[in-house]
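# What the coordinates show
So the chains spell out like this:
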Amino acid sequence: MTSFEKFHPVLTAYYTLDWLTQTPVKQVDALFNQPVISTTKADHLPTQILDTVKSINRVMQKVMNGAELTWGITNSDSQQFIGIITISGFETTDQVGNIDFIIDQSAINLRRKSLNEQ
C-alpha cells in the first residue's frame, strides 16, 4: 500500500484536514469533553488528558501502519479545531470501508449560520 504521508494536509473550500498530531492536545481533549455529533467512533472517548494523549498516539500508529487515515478538522477561516474524521477498513479484503467522525456541534452550527448569511 502507498504511504499515507502524502495525504496531508487536505484542503477544502472551508476546512483543513491535517494529522491529529498537528492539533494541540488541549484542543482535542476539549472536543472530547463537549457535546458532539458522533458516530460509533465517539462511543469511548477519553475523559482525562493523559488518555487523550495515549489515544492520539494509538491513532497515529494506525495511520503510520497504513490501517487508517485520521485527520483533525480545522475551520480554514477561523483556524478553530472542530473535529476528527477517520477512514478505515484498508486492512480487510472487503470492498467496504468505514468513515467515522467526531464534530463539535457548536462549530457546525456557526458554519451553517455564516453560510446562511452569505
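Structure's up top.
The structure presented is a predicted model; accordingly, all values stated were derived computationally and were not measured. (Residues numbered from 1 in each chain as written. Predicted model: local features only at pLDDT ≥ 70, side-chain atom pairs only at ≥ 80, totals over all residues. Heavy atoms only, no water.)

### Some words on the overall build of the protein chain
The cut-off we apply is this: Put simply, DSSP marks the helices as runs of H or I at least four residues long and the strands as runs of E at least two long, and each gets a number from the N terminus on. Any residue under 20% of the maximum accessible area for its type is buried, any over 50% is exposed, and the rest in between are partly exposed; the area is computed with a 1.4 Å probe on protein chains only. By the convention used here, residues are in contact when the closest approach between their heavy atoms is within 4.5 Å. Surface exposure here means Shrake-Rupley accessible area, sampled with a 1.4 Å probe, where a residue is shielded only by the protein chains that are shown.
Within the protein chain, the regular secondary structure consists of 3 helices and 6 strands. Seen in sequence order, the protein chain has helices and strands lined up from the N terminus as β-β-α-β-α-β-β-β-α. Residue burial in the protein chain is summarised as follows: out of 118 residues, 38% are buried. Long-range contacts, defined as pairs at least 24 residues apart, comprise 57% of the intrachain contacts of the protein chain with a sequence gap of at least 6. Surface summary for the protein chain: the accessible area is close to 7,400 Å², and the carbon and sulfur share equals 53%.

### Some details on the pairing of strand β2 (residues 15–19)
So the rule is basically this: A pair of strands counts as paired when DSSP detects no fewer than two bridges linking them.
Here β2 lies mainly inside the structure; 4 of its 5 residues are buried. Bridging between strand β1 (residues 10–11) and β2 involves 2 bridges; their strand directions are antiparallel. Paired with V10 across the two strands is L17, which belongs to β2. What sits between the antiparallel neighbours β1 and β2 is a turn of 3 residues. Where β2 and strand β4 (residues 68–75) come together, 5 bridges link them in antiparallel fashion. Bridged to L17 within β4 is I73.

### Comments concerning the pairing of β4
Where burial is concerned, most of β4 is hidden: 8 out of the 8 residues are buried. Of the two faces of β4, the one carrying E68, T70, G72 and T74 and the one carrying L69, W71, I73 and N75 are both buried. Of the strand pairs in this sheet, β4 and strand β5 (residues 81–88) are connected by 7 bridges, and their pairing is antiparallel. Following the sheet pairing, E68 is matched in β5 by S88. Between the end of β4 and the start of β5, which pair antiparallel, lie 5 residues, with Q79 showing a positive phi angle near 65 degrees.

### Examining a nonpolar patch on the surface
Heads up, the rule is: Patch membership requires over 30% relative accessible area and the absence of a salt bridge. Like charges are linked within 9 Å, and nonpolar side chains (Val, Leu, Ile, Met, Phe, Trp, Tyr) within 5 Å. We count a salt bridge whenever a side-chain nitrogen from Lys or Arg sits within 4 Å of a carboxyl oxygen from Asp or Glu.
Taken together, the side chains of I49, L50 and V53 define a hydrophobic patch exposed on the protein surface, amounting to about 240 Å² of accessible area. With respect to the secondary-structure elements, L50 resides in helix α2 (residues 49–64). The exposed category is assigned to L50, whose relative accessible area is 53%.

### Concerning the packing of helix α1 (residues 25–32) against α2
Here is the rule: Inter-axis angles, ranging from 0 to 180 degrees, are taken between N-to-C directions of lines fitted to C-alpha atoms, where helices are fitted over the stretch in contact. Orientation is classified from the angle alone, with under 35 degrees giving roughly parallel, over 145 giving roughly antiparallel, 65 to 115 giving roughly perpendicular, and any other angle giving oblique. Under the grouping applied here, Gly and all other residues not named as nonpolar or charged are polar, the nonpolar ones being Ala, Val, Leu, Ile, Met, Phe, Trp, Tyr, Cys and Pro and the charged ones Asp, Glu, Lys and Arg.
Direction vectors running N to C along α1 and α2 enclose 105 degrees, while the axes themselves pass 9 Å from each other. Classified by the interaxial angle, the pair formed by α1 and α2 is roughly perpendicular. Taking contact as the criterion, the partners of V25, K26, V28, D29 and F32 in α1 are, on α2, I49, T52, V53 and I56. A per-class count over the contact of α1 with α2 returns 6 nonpolar, 1 polar and 2 charged.

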